[in-house]
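Chain by chain, the residues run as shown.
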Amino acid sequence: MLKRNSSRREAFREKLEKASAVRAKVLDEVKFIRSWAQNPLRTGAVAPSGPELAAKMASFLTPRPHSRVVELGPGTGVVTKAILDRGFSSQQLRLIEYCPEFCELLTRRYPGLKIVQGDAYALGATLSRAGDTLSAVEDQRHSLDGIVSSLPLLTRPETVRKALLAEALEILKPGAPFIQFSYGLVAPVKPDNRSVSVFSSDWVWKNLPPARVWVYRKAH
């Protein structure tokens, strides 16, 4: 009898956890839709990235004891979770998010994580104003081990996209990845410099809409 009651309690708890997860997912999607409706050029997507796409993006990062990674446009934090699950600590990760509402959500969801409210397209200036450990370094060049971006690059002019990539690659260590997902058929940024390599993952069909991950690296 006790065993049966224990099984029932366990089943009931699992149902509550599933219901809570579904509710959180719905609320995240509502926030995304609201943000997109207010400024579609800034938000780009009408729903958060799926966990499969987030895991694919994080898979191109290599956690090491003193690694430092910056995430651009984290939104509701789906990719953030994948980066943390990959093995990075909250001290190794910095987020740059433009939307104040998403910043508040991320602060509640990931206490202790450094979240910077600012413009990721002005990457160096935003990091310098943030009071971050990066700003304590006089020269930011080659200081990061990875940048993960969920920015809606294809809504921006090509010149803006190229400027962001060039600035990111200057801040990254040689060979470190700039990771960007895209729904497009071609690379979201075409590098002008031959020393920059571009890799494309397979399509992540479980994501809605399907997307690919593009990885940019600057040679040593």
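Note: the structure precedes this text.
A quick note: this is a predicted structure, and the numbers were derived from the prediction, not measured.

Asker: I'd like a rundown of the pairing of strand S4 (residues 146–149), residues and numbers included.
Answerer: Covered by surrounding structure in S4 are Gly146 and Val148 together with Ile147 and Ser149, the residues of both alternating faces. Pairing of S4 with strand S5 (residues 178–182), which is carried by 3 bridges, proceeds in the parallel orientation. In the strand pairing of S5, Ile147 is matched with Phe178. Note on the crossover from S4 through helix H7 (residues 158–171) to S5: the handedness is right-handed.

Asker: With reference to specific residues and values, describe the environment of Ile179.
Answerer: By the secondary structure assignment, Ile179 is in strand S5. C-alpha separation for the pair Ile179 and Phe60, spaced 119 residues apart in sequence, amounts to 7.6 Å.

Asker: If you had to explain the packing of aromatic side chains to someone new, which residues and values would you point to?
Answerer: Tallying each qualifying case throughout the model produces 4 aromatic pairs. Between the NZ or CZ atom of Arg156 and the centre of the ring of Tyr121, over which it lies, the distance is 4.0 Å.

Asker: Can you tell me about the environment of Lys173, naming the residues and giving the values?
Answerer: Topologically, Lys173 is positioned in the loop between H7 and S5. For Lys173, a relative accessible area of 34% gives the class partly exposed. Taking C-alpha positions, Lys173 is 7.5 Å from Arg141, a pair spaced 32 residues apart along the chain. Each residue touching Lys173, except ones within four places of it in the same chain, is listed here: His142, Ser143, Leu144 and Asp145. Engagement of the side chain of Lys173 in a polar contact is seen with the side chain of Asp145, the distance being 3.0 Å.

Asker: Residue-level account of the sheet that holds strand S6 (residues 196–200), with values.
Answerer: The 7 strands are arranged S3-S2-S1-S4-S5-S7-S6 in an open sheet whose pairing can be described as mixed. Looking at which strands have only one partner, the edges of the open sheet turn out to be strand S3 (114–117) and S6. Taken over all neighbouring pairs, the strand axes of this sheet differ in orientation by 20° on average, direction set aside. Along the sheet, helix H5 (residues 100–109) contacts strand S2 (93–97) and S3; its crossing angle with S3, the most-contacted strand, is approximately 170°. Together, S4, S5, S6 and strand S7 (212–218) form the strand contacts of H7, whose direction differs from that of S7 by roughly 55°.

Asker: Lay out the environment of Gln117 with the relevant residues and their values.
Answerer: Relative to the elements of secondary structure, Gln117 occurs in strand S3. By relative accessible area, Gln117 is classed as partly exposed at 44%. Taking C-alpha positions, Gln117 is 5.4 Å from Tyr98, a pair spaced 19 residues apart along the chain. With residues up to four places along the chain from it excluded, the contact list for Gln117 reads Glu97, Tyr98, Cys99, Pro100 and Cys103. A distance of 2.4 Å separates a polar side-chain atom of Gln117 from the backbone oxygen of Tyr98.

Asker: Summarise helix H4 (residues 78–86); cite the residues concerned and give the values.
Answerer: Residues Val79, Thr80, Ala82 and Ile83 constitute the buried set of H4. Taken down its axis, H4 places every buried residue within 160° of arc, on the same side. Looking one or two places after H4, you find Gly87, whose phi comes out positive at around 125°.

Asker: How would you sum up the pattern of salt bridges? Please name residues and give values.
Answerer: Here the structure, examined in full by the defined rule, presents 5 salt bridges. Across the pair Asp145 and Lys173 runs a salt bridge, and its minimum N-O distance is 3.0 Å. Taken together, the residues Asp145 in the loop between helix H6 (123–129) and S4 and Lys173 in the loop between H7 and S5 connect sequence positions 28 residues apart. Taking relative accessible area as the criterion, Asp145 reaches 19% and is therefore assigned buried. With a closest N to O distance of 2.8 Å, Asp192 and Lys162 form a salt bridge. Within this pair, whereas Asp192 is found in the loop between S5 and S6, its partner Lys162 is found in helix H7, the two being separated by 30 residues in sequence.

The rules we used
Residues numbered from 1 in each chain as written. Predicted model: local features only at pLDDT ≥ 70, side-chain atom pairs only at ≥ 80, totals over all residues. Heavy atoms only, no water. Buried < 20%, exposed > 50% of the residue type's maximum accessible area, 1.4 Å probe, protein only. Helix = DSSP H or I, 4+ residues; strand = E, 2+ residues; numbered from the N terminus. Pairing = 2+ DSSP bridges. Right-handed = clockwise from strand over helix to strand, strands pointing away. Phe/Tyr/Trp six-rings, centres within 6.5 Å; stacked < 30°, edge-to-face > 60°. Lys NZ or Arg CZ within 6 Å of the ring centre and 35° of its normal. Contact = heavy atoms within 4.5 Å. Polar contact = N/O pair within 3.5 Å; in protein donor to acceptor, adjacent residues only side chain to side chain. Axes fitted to C-alpha atoms, helices over the stretch in contact; angles between N-to-C directions. Arc of directions from axis to C-beta. Salt bridge = Lys/Arg side-chain N within 4 Å of Asp/Glu carboxyl O.

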